[in-house]
Amino acid sequence: MKNLKKIILLLIMAVVGTGMANAFIDSYTVNRDKLPEAAREMLDEHFPKAKISMIKIDRHLLKKPNFDVKLVNGSKIEFSNSGKWKSIDCKSRAVPEALVPKAIRNHVSKNYPEVKIVKIEKKSAGYEIGLSDELSLKYNLLGQFKGVDNDD
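Okay, so let's go over this structure. Since the structure is predicted, the reported quantities are computational estimates derived from the model, not experimental observations.

**Some remarks on the pattern of salt bridges**
And then number 1: Evaluated as defined, the whole model comprises 5 salt bridges.
And then number 2: Put simply, Lys 123 and Glu 128 hold a salt bridge, and the shortest N to O gap is 3.2 Å.
And then number 3: Accessibility expressed as a relative area gives 39% for Lys 123, which makes it partly exposed.
And then number 4: Salt bridges here are not isolated pairs; linked through shared partners, they connect Glu 121, Lys 123 and Glu 128.

Here's what the structure looks like:
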């Protein structure tokens, strides 16, 4: 009888342990329905013709998942669990204008007229912008220029 209890307890522990481990494993899909509604709407509006190559559902231990979307054209977009974009990397293509705050667009077009914005990352302190000439610029949340990023 004691052995039977031990076996049942071990089986329960194995099932629970496997379930918990799988809860934190990233998963991959191409099904856009797995994205939050706000993310689907953003893709429809700003990348209407782009096809999804892969969606990585990035699971975290104590937080809700993030979503990393890779498009067939090579662009990568990271979304929060609520569907708001966190970063957009269009490689050599320009980031859609409407996604870049107007103050940043104006500063870049005035001071860097020969380049385009190919990357934007929204952080708690502001924005990091990547230009097609590989220069990185920092802005605060209001879009005011803070300097050139020398971390690279």
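From this point on, the discussion continues.
**Concerning helix H3 (residues 102-111)**
And then number 1: Along H3, the positions that sit buried rather than exposed are Ile 104, His 107 and Val 108. An end-on view of H3 places all buried positions within 95° of arc, on one side of the element. When the buried face of H3 is taken as reference, the exposed residues oriented beyond 90 degrees from it are Lys 102 and Lys 110.
And then number 2: Against strand E6 (117-123), strand E7 (126-131), strand E8 (136-139) and strand E9 (145-148) lie the buried residues of H3.

Procedures and definitions
Residues numbered from 1 in each chain as written. Predicted model: local features only at pLDDT ≥ 70, side-chain atom pairs only at ≥ 80, totals over all residues. Heavy atoms only, no water. Salt bridge = Lys/Arg side-chain N within 4 Å of Asp/Glu carboxyl O. Buried < 20%, exposed > 50% of the residue type's maximum accessible area, 1.4 Å probe, protein only. Helix = DSSP H or I, 4+ residues; strand = E, 2+ residues; numbered from the N terminus. Arc of directions from axis to C-beta. Contact = heavy atoms within 4.5 Å.

Just distances and angles here, no functional claims.
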